Amino acid sequence: MTNNVQPIFILPEGTQRTLGRDAQRNNIMAAKAVAETVRTTLGPKGMDKMLVSGLGDIVVTNDGVTILKEMDIEHPAAKMIVEIAKTQENEVGDGTTTAVVLAGELLKNAEKLLDSDIHPTVISHGYRLASDRAIEVLNKIAEPITAKDFKLLKEISTTAMTGKGSESAKDNLADLCVQAVSLVQDDATGKVSLDNIKIEKRAGASMQDSELIRGIVLDKERIHEGMPKTVKGAKIALIDRELEIKKTEIDAKIEITDPSQLQAFMDQEEKMLRDMVEKIAKSGANVVICQKGVDDLVQHFLAKKGIYAVRRVSSDDMKKIAKATGGKIVSNLDDLNLTDLGQAGIVEEKKVGDDSFTFIQECKNPKAVTILVRGGTEHVVDEIERAVKDALGDLASALKDGKVVAGAGSTEIELARHLRKFAESLSGREQLAVLAFAESLEIIPRTLAENAGLDPIDVLTELKAAHEKGQKWAGINVFTGKVMDAWAAGVIEPLKIKTQAVSSASEVSQLILRIDDVIASGSKAPSGGRGMPGGMPEY
Ligand code: ADP
Ligand code: MG
């Protein structure tokens, strides 16, 4: 026997390992830091952030997910929190800050329980019970909505834009979003696909000049000067093949021995191009939207026939134009006929700012539309676009589930009240976890109050008292600091914002709580490079 025990290395050199409570604390700290970053932007009185990239590009925003995406976060647990925001963005399109702030608070309160020696799995289990119950309660307290409830829809749209850069033109923009959603809604299924709402943006005018186009706006000008600038009663051919003679794939050499052969060859090419135009004209089309290239000669012939044409239109836009105009995308010109053509009241080239756009508008029953977003500068336009997207996401989500709740912290306080009651039915340690969950929900009204410069303790006390009296939609009036009926005040949000935020915040906090060992390999490089800089961050 010897006392000389050799250490055993099971991990490569350079690997960092954090164990037990240290691992938990580090992860919780990172998650809290992420939540803390976006917390000040929450609600109508939230502030904006200016993000400057390594290249000096600037983004000014109030939008949780945009902030987190731009921040280039490295810590693994912090990244998991960023994922919550991304999921929320994909599933609902709004409520990203809410979800992240809630996750941060769940972890913060879990940490307190860890300090009193409650085992992470117990907390995790309690959180799951609480989150399941919260979803049930949310579904119960939610109110119905249909596509005909224009007042409610407008309120959803307005709520989404409150406190964003769009504030000053909120009323107009909120209307545009409601109209857009109503137009593209499927008559049969009632479904709203946001793919059918195109957002086109240009700086250089006031936000008030933003408009809804009953059709599609393309960032393209007509391809030939000789074409008409305006076509009324447009019949639109949607063509997804090139209007030029294809280059052969293989290298072919044509040997010409006599000048007349060359002439014949060129004549033949010209005839083929002319035929293309003849076929298009024969179908009755007076507008051509082409997904691929258009030969100079074809442009010339089209112009001579008074046909308006644009080329290299993205396949996404092709689909949208088809939806808006009722046309069919055609590949073979021999098949093209009148019934394939889309219809629009007018197709015209118009200037927006300094650039020329093609407006395909006055479509009869457009199932795809465009919101043209205007604003003073690029940064303003970008932020309005994000606000418009939030509003559209909320509207689509509300119509999909047919359920909405009131905001301004009312829903969270009501949930917390139900969870506290539920906790009474549980025993011991799980009860503590459910109570911690309930308290965590109150971070939303508390933050709304703090961001509005109000005393959160006063506000919360008043709110809770109102809810005890049965006023389930009692929320904060951030402008007066008083309690208001958030439903009557028109602060309305889709149910899904809340269910998604509760479930993903709860899931991720459980996931993080259960980690007691972080093994970070020494390098990001796939092979070798051990111990190189740029490995996993230290924490
Ligand atoms: P998120 O990224 O979570 O959507 P927001 O900055 O959009 O963050 O803030 C949303 C919160 O602001 C919600 O809790 C919502 O109820 C609240 N809110 C929106 N409009 C009002 C209002 N007029 N009065 C009080 N609270 C409001
Ligand atoms: Mg929002």
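Up top is the structure.
Residues numbered from 1 in each chain as written. Chains lettered and ligands numbered in written order. Predicted model: local features only at pLDDT ≥ 70, side-chain atom pairs only at ≥ 80, totals over all residues. Heavy atoms only, no water.

Opposite charge on two side chains makes pairing possible when the charged atoms of those side chains draw close. A full pass over the atoms with the stated rule returns 32 salt bridges. A salt bridge links Arg446 to Glu105, with the nearest nitrogen and oxygen atoms 3.7 Å apart. Of this pair, Arg446 sits in helix α14 (residues 443-451) while Glu105 is found in helix α4 (residues 96-115), placing the two residues 341 residues apart along the sequence. Classification of Glu105 by relative accessible area gives buried; the value is 7%. Measuring nitrogen to oxygen at the nearest pair gives 3.0 Å for the salt bridge that ties Glu414 to Arg417. Residue Glu414 and its partner Arg417 are located together in helix α12 (residues 410-424), separated by three residues, close to a single helical turn. Per residue, the accessibility class of Glu414 equals that of Arg417, and both read buried. Each of Arg25, Lys32, Glu111 and Asp115 takes part in salt bridges that share partners, so that together they form one network. (Salt bridge = Lys/Arg side-chain N within 4 Å of Asp/Glu carboxyl O. Helix = DSSP H or I, 4+ residues; strand = E, 2+ residues; numbered from the N terminus. Buried < 20%, exposed > 50% of the residue type's maximum accessible area, 1.4 Å probe, protein only.)

Our focus in this paragraph is the site of ligand 1. The local shell around ligand 1 holds 20 residues, among which Asp94, Thr97, Thr98, Ala408 and Glu493 are the closest. Here an oxygen atom of ligand 1 and a backbone polar atom of Thr41 are 3.4 Å apart. Note that an oxygen atom of ligand 1 is positioned 3.3 Å from one of the backbone N or O atoms of Thr96. Protein chains shield 94% of the accessible area of ligand 1, which is 580 Å² for the free molecule. Per-element accounting of the shell around ligand 1 gives the leading share, three residues, to α4. (Near = heavy atom within 4 Å. Polar contact = N/O pair within 3.5 Å; in protein donor to acceptor, adjacent residues only side chain to side chain. Areas by Shrake-Rupley, 256 points an atom, 1.4 Å probe, with all protein chains shown as cover.)

The next thing to look at is the nonpolar core. Ile81 and Leu419 are the most contacted members of the largest nonpolar core, which has 77 residues in total. Residue contributions to this core peak at 10 residues, all from α4. By size, the runner-up hydrophobic cluster in this structure holds 36 residues, among which are Val369, Ile371, Leu395 and Leu399. (Core = buried A, V, L, I, M, F, W, Y, C linked by side-chain atoms within 4.5 Å.)

Read from one edge of the open sheet, three strands run β5-β14-β6, paired in mixed fashion. Bordering the open sheet on either side are β5 (197-203) and β6 (211-213), each of which pairs with just one other strand. Neighbour-to-neighbour, the strand axes of the sheet open up by a mean angle of 25 degrees, direction not taken into account. Here helix α11 (residues 378-401) sits on the sheet and contacts β5 and β14 (369-375); the angle it forms with β5, its principal contact strand, is near 160 degrees. (Pairing = 2+ DSSP bridges. Axes fitted to C-alpha atoms, helices over the stretch in contact; angles between N-to-C directions. Contact = heavy atoms within 4.5 Å.)

Its 24 residues give helix α8 (residues 259-282) an end-to-end C-alpha distance of 34 Å, which sits within 8% of 34 Å, the value for a rise of 1.5 Å per residue. Within the span of α8, buried status applies to Leu273, Met276, Val277 and Ile280. The inward-facing, buried residues of α8 contact β8 (230-239), β9 (287-290) and α9 (296-304). Note on α8: the residue one or two positions beyond its end, Gly284, has a positive phi of about 100 degrees. (Expected span 1.5 Å × (residues − 1).)

Moving on: α9. Side chains of residues three or four places apart in an α-helix project in the same direction, reflecting 3.6 residues per turn. The set of residues buried in α9 consists of Val298, Gln299, Phe301, Leu302 and Ala303. The inward-facing, buried residues of α9 abut α8, β9 and β10 (308-310). The N-cap residue of α9 is Asp295: its side-chain oxygen and the backbone nitrogen of Leu297 are 2.8 Å apart. Gly306 sits one or two residues past α9 and shows a positive phi near 75 degrees.

How two aromatic rings sit relative to each other is set out by the distance from centre to centre and by the angle between their planes. For the coordinates displayed, the defined rule picks out two aromatic pairs. Aromatic side chains Tyr127 and Phe437 sit 5.4 Å apart centroid to centroid with 85 degrees between the ring planes, which places their arrangement in the edge-to-face category. Here Tyr127 is found in helix α5 (residues 120-141), whereas its partner Phe437 is found in helix α13 (residues 428-441), with 310 residues between them in sequence. Both rings, one in Trp473 and one in Trp487, keep their centres 6.0 Å apart while their planes meet at 20 degrees; by these two values the pair is stacked. Of this pair, Trp473 sits in the loop between α15 (456-468) and β16 (474-476) while Trp487 is found in the loop between β17 (483-485) and β18 (492-494), placing the two residues 14 residues apart along the sequence. For Trp473, a relative accessible area of 7% gives the class buried. (Phe/Tyr/Trp six-rings, centres within 6.5 Å; stacked < 30°, edge-to-face > 60°.)

Look at any regular strand and the pattern is simple: side chains alternate between the two faces of the sheet. Within strand β13 (residues 355-361), six of the seven residues are buried, which leaves it mostly tucked inside the rest of the structure. Inspection of the sheet shows strand β7 (residues 216-218) paired to β13 by three bridges, in the antiparallel sense. Following the sheet pairing, Ile216 is matched in β13 by Ile360. With seven bridges connecting them, strand β12 (residues 342-352) and β13 associate as antiparallel partners. Directly across from Glu348, in β13, lies its bridge partner Phe359. Two successive antiparallel strands, β12 and β13, enclose a turn made up of two residues, where Gly353 displays a positive phi of approximately 60 degrees.

As far as function goes, none of this settles anything; it's purely spatial.
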